[in-house]
Amino acid sequence: MILSSVVLGLMAKEPQRFVSRWETGLRAGYAFNSNPILMDRMEADGKVSHSALSWHLRYSFMRPNAGRTASVYQGLGFSVNTFMQSRDVGTPLGVYVFQGAPMFCFSNRFSLDYEWNFGATFGWKRTTQDGDIRSNLVVGSSTNAYLNLGFKLNYALTAGLHLSGGIDLTHYSNGNTSWPNPGVNTVGAAVGLTFIPGEKMFRRTSPFVADDGFRKGILYDVMGYGAWRKAYFPAEEGAFTEEGEKALLPGHFGVAGLTFAPMWDVCPVFRTGLSLDLQWSENTGLSEYHVPDTSGEDSKFYRPPFFRQVSAGLSARAELVMPIFSLNAGIGYGFAGPRETRKLYQLVNLKVYIYGPLYLNAGYRLYEFHSPSNLMLGLGLTFGRK
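Residues numbered from 1 in each chain as written. Predicted model: local features only at pLDDT ≥ 70, side-chain atom pairs only at ≥ 80, totals over all residues. Heavy atoms only, no water.

### Here's the deal with the overall build of the chain
- Broken down by element type, the chain carries three helices and 18 strands.
- The proportion of buried residues among the 386 residues of the chain is 50%.
- Summarising the internal contacts of the chain: among those between residues at least 6 apart in sequence, 65% fall at separations of at least 24. (Helix = DSSP H or I, 4+ residues; strand = E, 2+ residues; numbered from the N terminus. Buried < 20%, exposed > 50% of the residue type's maximum accessible area, 1.4 Å probe, protein only. Contact = heavy atoms within 4.5 Å.)

### Observations concerning the environment of S20
- Within the element layout of this structure, S20 appears in strand β1 (residues 19-33).
- Spatially, the C-alpha atom of S20 lies 8.6 Å from that of F195, the residues being 175 residues apart in sequence.
- Of note is the side chain of S20, whose polar atom sits 2.8 Å from the side chain of Y59. (Polar contact = N/O pair within 3.5 Å; in protein donor to acceptor, adjacent residues only side chain to side chain.)

### As for the pattern of salt bridges
- Counting across every chain of the model gives 14 salt bridges.
- Note that K351 and D221 form a salt bridge whose closest N and O atoms lie 2.7 Å from each other. In this pair, K351 sits in strand β16 (residues 344-355) while D221 sits in strand β9 (residues 217-229), placing the two residues 130 residues apart along the sequence. For the pair K351 and D221, a shared accessibility class is recorded, and that class is buried.
- Put simply, E319 and K351 hold a salt bridge, and the shortest N to O gap is 3.0 Å. Linking E319 in strand β14 (residues 310-321) with K351 in strand β16, this pair joins segments that are 32 residues apart in sequence. The same class applies to E319 and to K351, which are both buried. (Salt bridge = Lys/Arg side-chain N within 4 Å of Asp/Glu carboxyl O.)

### What about the sheet that holds strand β5 (residues 110-124)?
- Spatially, β1-β2-β3-β4-β5-β6-β7-β8 is the arrangement adopted by the eight strands of the closed barrel, whose pairing is antiparallel. Averaged over all adjacent pairs, the angle separating strand axes in this sheet is 25°, with direction ignored.
- The sheet contact formed by strand β3 (residues 73-82) and strand β4 (residues 90-105) spans eight bridges and is antiparallel. What sits directly across from V80, in β4, is L93. (Pairing = 2+ DSSP bridges. Axes fitted to C-alpha atoms, helices over the stretch in contact; angles between N-to-C directions.)

### Brief notes about the sheet that holds strand β15 (residues 325-336)
- Taken together, the eight strands give a closed barrel; going around it, the order is β9-β12-β13-β14-β15-β16-β17-β18, and neighbouring strands pair in antiparallel fashion. Averaged over all pairs of adjacent strands, the angle between strand axes in this sheet comes to 25°, irrespective of strand direction.
- As paired elements, strand β13 (residues 270-281) and β14 share eleven bridges and run antiparallel to each other. Bridging from a neighbouring strand, L276 pairs with L314 of β14.

### Section: unusual backbone geometry
- Positioned with a positive phi, N176 is a non-glycine residue whose angle comes to about 65°.
- A relative accessible area of 10% means that N176 is categorised as buried.
- Non-glycine residue I324 carries a positive phi angle of around 70°.
- Among the secondary structure elements, I324 is positioned in the loop between β14 and β15.

### Concerning the confidence of the model for the chain
- Averaged over every residue, the pLDDT of the chain is 86; the share at 70 or more is 86%.
- Note on residues 10-15: pLDDT is under 50 here. Beyond four places in sequence and across chains, it has eight contacts.
- Across residues 237-244 the pLDDT falls below 50, and counting only partners more than four positions away or on other chains, this stretch makes nine contacts in the model. (pLDDT = per-residue confidence, 0-100.)

### So, the pairing of β15
- Here β14 runs beside β15; their pairing, made up of ten bridges, is antiparallel. Across the sheet, residue R317 finds its bridge partner in β15, namely G330.
- Linkage of β14 to β15, two consecutive antiparallel strands, is achieved through a turn of three residues, within which I324 is found at a positive phi near 70°.
- Bridging between β15 and β16 involves nine bridges; their strand directions are antiparallel. Across the sheet, residue F325 finds its bridge partner in β16, namely V352.

### Remarks on the nonpolar core
- Within the largest apolar cluster, 17 residues are counted, with the highest numbers of intra-cluster contacts made by M62, F83, W124, L137, Y172 and V184.
- The set of elements that each furnish at least two residues to this core consists of β1, β2 (51-62) and β4.
- In contact with W124, not counting residues within four places along its chain, are F83, V89, P92, V139, S141, S142, N144, Y172 and V184.
- If you look at the next biggest cluster of nonpolar residues, it comprises 16 residues, including V72, V269, L350 and A362. (Core = buried A, V, L, I, M, F, W, Y, C linked by side-chain atoms within 4.5 Å.)

The structure is reproduced here in structure tokens:
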């Protein structure tokens, strides 16, 4: 909802003329959880849900006077999602921001576009910790984050009516703020109709075309964030355990972090660089401070010193730079801190520029491409270059 307010505020302040776009569409796909062990268990019990269908109603705008980004569009979307098992899974409603643009323009009527969606879905029927599992599509909270990436062919039937169709990938997750969190994924096809009021056929351009007037250079990005998460003990192999198994610890654990990244502007829509990533997590480094004779969910710990729970890593970053929004992704390795943090990690961040170089950040961090870690919710600043 914060991102939605930002978009509406930016639209109200938009100095350039903008063109409205209204869209409706359907998406159908194959649904599955990220945890294959869980999927196999539910397959054996006959509790299977692999169908996914969603209806979308959306508003977006583009700026035809914005030069090379004239065909970039961004806006707000609403969705109704079903997995054909409403009794067990629910019928979640979604609210999200989205942005897209032509990657290749074959003609003024026909193009290959990309698009991303980011928001939240509400109304899931959560699985309880006591084992009340009703479907292979398991979630641990009634509200889950929604991430979607799609590629589609767009054709202008008339000046004001566009038909699109393509493929998309979707991920639903609570960011490890509740348990269980295996994540629900869908892969499938999407079709949509877009109505653009007015009879003028706008010239479609790709923001990825070369810009002879662009000047390369270095800028700097600093971002601070916080979050909360669920955690297991032990957090690593070889740590204390009574029966050789991990136990879910009660309550939530705080997370805070700071990143600093010199970034190289390769072209107007892409920059890359290295980032120093510092993170404090209340659930790390607990093995050395375990209270004897406590185990399982009743495990207790002495509070570790602050700096014994701080980790440091170095990550390679790549960023897609568009009006208002930027998408940043990275792969890094933890080189200092508690032992369980010294491994490969991945990050993905959505940056929403709210005033000049100041932006809101909504991101997610995981380990070794499959183990969820924590959300990254914060503020950042991009500086050093106009």
